[in-house]
Amino acid sequence: MIEITFKDGSTRQYDEGVTPEEIAGDIASGLKKKSVGAYVNGELFDLNRPIEEDAALHLITKDDEEALEILNHSSAHLLAHAIKRLYPDARFGVGPAIEGGFYYDIATSESITEEDLPKIENEMRRIVKEAHPVKREVLSKPEALERFKDDPYKLEMLEDFDDSEVITVYTQGEFEDLCRGGHLPNTSRIRHFKLLSVAGAYWRGDSSREMLQRVYGTSWYTKEDLDQYLEMLKERKERDHRKLGKELGIFMLDEKAGQGLPIWLPKGYTVRRVLEDYVYELERRSGYKHLSTPVLGTRQLYEISGHFKHYRDDMFPLMELDDEAYVLRPMSCPHHAIVYSSALRSYRELPIRYAEIVTQHRYEASGALSGLERVRAMTLTDAHIFARKDQIKEEVLSAYRLIQKAIDDLGLEIDYLELALRDEGTGKFHDDDELWNEAEKVMKELLDEAGIEYKEMKGEAAFYGPKIDVQVKTALAHVITMSTVQLDFLLPERFELTYIGKDGRKHRPVLIHRGLLSTWERLMSILLEQYKGAFPTWLAPIQIEIIPVSDVHHDYARDLNRKLIEKGLRSEIDDREEKLGYRIRAAQTQKIPYQLVIGDQEVENDTVTYRRYGEKEQTTLSVDAFIEHIHDEVRRKK
RNA sequence: GCCGCUUUAGCUCCAACAGGUAGAGCAAUUCCAUGGUAAGGAAGAGGUUGCUGGUUCGAGUCCAGCAAGCGGCACCA
């Protein structure tokens, strides 16, 4: 007999070899149905895995977070099982559960396309119906090597195991797979799933190795959950910034203009100008000095900075002429370092904060380009803070607070922070250990002291130093890097930057790189998605659409339009010879925040009647009250 | 860059899917209708079917190469 201790501290006696499933059934039949796995002394157990010794048992039910992972993981096996039947020569890489679903990496002689997915799904359903028990088996490494001798990918994975490590194999019907588990005890427990797409994926995530085919799918415990997830995917398409950007005239891409080189259309540029003005003012108030530097720089400049050595693959190639060579700048820190060094600096001047709206060019891989989200020419508000070492913490934190404010003003939310650190021995980072250790230590300290949580990301640092990346989540759970604060001890060395200290001697300042709101391109893609194209009034390219009922109201409407524009508002008039309903519909489709219908009543009383985008209610105000109303919204960034 | 898919009028198309020489809706244009909160009516116009080759008597339809876009991977603001 063994003793099982439950969550609430109570205990019960069972025969040795009892399974979590049996125990669940012993407690309540409903619990047995709901259970999908268990923790036995903290170790993840399958429901049907025997417990051999006294243990603390925690059953995982469908309501627990881990439950979906178990389901998706089992679904991946189900997928592989079906593929193996349909493509007998298939070999398998890895097949994990991921956020929102699962995938399996597969090598077949015949390529799988999306048209094959229904066929594979049907086979999966057949295997579900066949209700195969899922059995776990422990093997020694030599046994495992023998068992998978025909599967090169599994063999390669096995090589990484220690000889002493527990290796497990899961079998369902004629299909078996090397796998850590846990799994549902029977294929019949997978019900509501759908295969979503096929894509290529490098074996072991290594671009120098062969590419496998990855089939993506999603699996849920109820039909409602599955439908809801599929609905979310549909909604994501509806909100896609590329679709909205085209419909609303925000930006365009053109093959002849160049891949990854977006063109800002008048409406998009209007929004961008509002953002630029906003950021300029925000920075001015926060002690930043604005300047402007060129898009081209000499090769020498980027050799000094180290970009030429560490960043060359991301740069457009050299332009050589006469005796000089130039590059399109990928970053603006070298220019700002030059400006810093153009005068003798005193410790009293520091920190010096330079900000600039810069256009940068980066040679992004063609396959990485995507709408406004990944481009090759980008414009952003970039800043570099030159500070004394004793000012680092305060400056990094105040940069972070500025970021928080800007993100909040835009109606977005910070999801989490990443602290990107270096990974020694990759060659991606400069090699002064002392500088690295010091920089990483300060960053951790200041975050810890301020009680700010973060995720450490090894190997994600910039080549010149560690960085704090601010991740923002949109309305559709789309997480993206929005802002960054980077600590750099290297460039000040490279550019031999100095300031005169209290002691009359020269000292080295530190450089803090600060990216506030990503790039205007990426920010626009996020805002389009966030607001589904319906910009808040302060950002909207057209804030007011005036629609005169008929010809007799044109003069009043035009005067009104002029007046609104005069008052700094973005107003437009639609006096086309079309029916009222037609023009109202046009204004609504363009998601214009305020739609003003002007008829006899308005002309007579010198008023406007407006309807907000998406609402039915109509409000009549005097012209002056209306202007004040809009100005108030703009001030409050609504 | 890599794997797969896609590419027909300004936009959107389950039009032309046994290869016979291009069809619709919307938008735009002109005319008629002067209309109070999401599409009034009519007419005409608009395409070397992404580009370059090939197969064929004949190619939007088949084949090859290239380009761009999309889904991922790798890379990343």
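None of the values given here were measured: they were computed from a predicted structure. (Residues numbered from 1 in each chain as written. Chains lettered and ligands numbered in written order. Predicted model: local features only at pLDDT ≥ 70, side-chain atom pairs only at ≥ 80, totals over all residues. Heavy atoms only, no water.)

S.K.: Which residues make up the overall build of chain A, and what values go with them?
M.R.: On a plain count of helices and strands, chain A comes out with 20 helices and 33 strands. A principal-axis box enclosing the C-alpha atoms of chain A has dimensions of 90 × 75 × 55 Å. Per-residue burial over chain A gives 50% buried out of 638 residues. Here chain A displays about 31100 Å² of accessible surface, and carbon together with sulfur accounts for 46% of that area. Each charge class in chain A was averaged separately, 90 positive and 118 negative side chains, and the resulting centres sit 3 Å apart. (Helix = DSSP H or I, 4+ residues; strand = E, 2+ residues; numbered from the N terminus. Buried < 20%, exposed > 50% of the residue type's maximum accessible area, 1.4 Å probe, protein only. Areas by Shrake-Rupley, 256 points an atom, 1.4 Å probe, with all protein chains shown as cover. Lys, Arg positive; Asp, Glu negative; His and termini not counted. Charge placed at Lys NZ, Arg CZ, Asp CG, Glu CD.)

S.K.: Outline the nonpolar core, supporting the account with residue identities and numerical values.
M.R.: Of all hydrophobic cores here, the largest spans 60 residues; its most connected members are Leu-410, Leu-412, Leu-487, Leu-517, Leu-523, Phe-535 and Leu-539. At nine residues, the largest contribution of residues to this core is made by helix 13 (residues 392–409). Apart from residues no more than four positions distant in its own chain, Leu-487 is found in contact with Ile-392, Ala-439, Val-442, Met-443, Tyr-464, Gly-465, Pro-466, Val-510, Leu-511 and Ile-512. Within the second largest apolar cluster, 31 residues are counted, among which are Val-36, Ile-83, Ile-120 and Phe-193. (Core = buried A, V, L, I, M, F, W, Y, C linked by side-chain atoms within 4.5 Å. Contact = heavy atoms within 4.5 Å.)

S.K.: Got a sec to walk through the environment of Val-215? Specific residues and values, please.
M.R.: Among the structural elements, Val-215 can be located in strand 13 (residues 211–220). Residue Val-215 is classed as buried on the basis of its relative accessible area, which comes to 0%. Counting along the chain gives 84 residues from Val-215 to Ala-131, while the straight-line C-alpha distance between them is 23 Å. Those residues within four positions of Val-215 in sequence are excluded, and the remaining contacts are Leu-79, Phe-102, Tyr-103, Tyr-104, Ile-106, Leu-117, Leu-195, Ser-197 and Val-198.

S.K.: Let's hear about the protein's contact with RNA strand B: which residues, and what values?
M.R.: Surrounding RNA strand B, one finds 55 residues, the nearest of these being Tyr-202, Arg-374, Ser-550, Arg-585 and Asp-600. Sugar and phosphate atoms represent 49% of those atoms of RNA strand B found within 4 Å of the protein. A distance of 3.1 Å is found between a sugar or linking oxygen of RNA strand B and a backbone nitrogen or oxygen belonging to Gly-200. At the level of secondary structure, the elements contributing two or more residues to the surface near RNA strand B comprise strand 12 (192–202), strand 13, helix 8 (241–247), helix 18 (580–589), strand 31 (594–598), helix 19 (600–605) and strand 32 (607–612). Classifying every residue of the surface near RNA strand B gives 16 nonpolar, 19 polar and 20 charged. (Near = heavy atom within 4 Å. Polar contact = N/O pair within 3.5 Å; in protein donor to acceptor, adjacent residues only side chain to side chain. Nonpolar A, V, L, I, M, F, W, Y, C, P; charged D, E, K, R; others polar.)

S.K.: Can you explain the environment of Met-232? Please cite residues and give values.
M.R.: Note that Met-232 resides in helix 7 (residues 223–238). As a C-alpha pair, Met-232 and Lys-33 span 199 residues in sequence and 28 Å in three-dimensional space.

S.K.: Please give an account of the sheet that holds strand 4 (residues 43–45) that cites residues and values.
M.R.: On the basis of which strands lie adjacent, the open sheet formed by five strands has the order 2-1-5-3-4 and mixed pairing. The sheet is open, and its two edges are formed by strand 2 (11–14) and strand 4, each paired on a single side. Mean inter-strand twist for the sheet, computed between neighbouring axes without regard to direction, equals 35°. For strand 1 (residues 2–5) and strand 5 (residues 55–61), the ladder comprises two bridges, and the chain directions are parallel. Across the sheet, residue Ile-4 finds its bridge partner in strand 5, namely Ala-55. (Pairing = 2+ DSSP bridges. Axes fitted to C-alpha atoms, helices over the stretch in contact; angles between N-to-C directions.)

S.K.: Can you lay out the domain arrangement of chain A for me, pointing to particular residues and giving the numbers?
M.R.: Domains assigned within chain A are domain 1 (2–61), domain 2 (67–230), domain 3 (275–529) and domain 4 (544–635). Its C-alpha centre places domain 1 at a distance of 67 Å from the equivalent point of domain 4. (Domains from an automatic or database assignment.)

S.K.: Describe the pattern of salt bridges, naming the residues involved and giving the relevant values.
M.R.: Pairing between side chains becomes possible if they bear opposite charge and their charged atoms approach one another. Taken as a whole and judged by the stated rule, the model has 54 salt bridges. The closest approach of N and O atoms between Asp-240 and Arg-242, which form a salt bridge, is 2.6 Å. Residue Asp-240 is classed as buried on the basis of its relative accessible area of 19%. A salt bridge links Arg-329 to Glu-356; its shortest N-O distance comes to 3.8 Å. Here Arg-329 is found in the loop between strand 19 (324–328) and helix 12 (333–340), whereas its partner Glu-356 is found in strand 20 (residues 352–361), with 27 residues between them in sequence. (Salt bridge = Lys/Arg side-chain N within 4 Å of Asp/Glu carboxyl O.)

S.K.: Could you give me a rundown of the sheet that holds strand 20, with the residues and numbers involved?
M.R.: Spatial strand order, 16-20-21-28-25-24-22-23: eight strands in an open sheet with mixed pairing. Single-partner strands in this sheet number two, and they are strand 16 (289–290) and strand 23 (455–458). Inspection of the sheet shows strand 16 paired to strand 20 by two bridges, in the parallel sense. Bridging from a neighbouring strand, His-290 pairs with Ala-355 of strand 20. Seen against the sheet, helix 12 touches strand 20, strand 21 (377–387) and strand 28 (510–515) and runs at an angle of roughly 40° to strand 21. Set on the sheet, helix 16 (residues 520–531) makes contact with strand 20, strand 21 and strand 25 (479–488); between it and strand 21 the angle comes to about 115°.

S.K.: So what about the packing of aromatic side chains? Which residues, and what values?
M.R.: Applying the stated criterion to the full structure yields 14 aromatic pairs. A ring pair is formed by Tyr-278 and Trp-538, whose centres lie 5.4 Å apart and whose planes are at 70°; its orientation type is edge-to-face. Of the two residues, Tyr-278 is situated in helix 9 (residues 266–285) and Trp-538 in the loop between helix 16 and strand 29 (544–548); the sequence distance between them amounts to 260 residues. The same class applies to Tyr-278 as to Trp-538, namely buried. Ring centres of Tyr-594 and Tyr-610 lie 5.1 Å apart, and the angle between their planes is 75°; on these two criteria the pair is classed as edge-to-face. Pair noted here: Tyr-594 is in strand 31 and Tyr-610 is in strand 32, with a separation of 16 residues, a long-range link. Residue Tyr-610 is classed as buried on the basis of its relative accessible area of 9%. Clustering of aromatic rings is evident, with ring pairs tying together Phe-92, Tyr-104 and Phe-175. (Phe/Tyr/Trp six-rings, centres within 6.5 Å; stacked < 30°, edge-to-face > 60°.)

S.K.: Which residues make up the packing of helix 9 against helix 16, and what values go with them?
M.R.: Remark: helix 9 packs on helix 16, axes separated minimally by 11 Å, with the N-to-C direction vectors making an angle of 110°. Considering the angle they form, helix 9 stands roughly perpendicular to helix 16. The handedness of the crossing between helix 9 and helix 16 is right-handed. Facing Gly-268, Val-271, Arg-272, Leu-275, Glu-276 and Val-279 of helix 9, the residues of helix 16 in contact are Trp-520, Glu-521, Leu-523, Met-524 and Leu-527. Residue classes in the contact of helix 9 with helix 16 are distributed as seven nonpolar, one polar and three charged. (Parallel < 35°, antiparallel > 145°, perpendicular 65-115°, else oblique. Left-handed = near helix turned anticlockwise from the far one by under 90°.)

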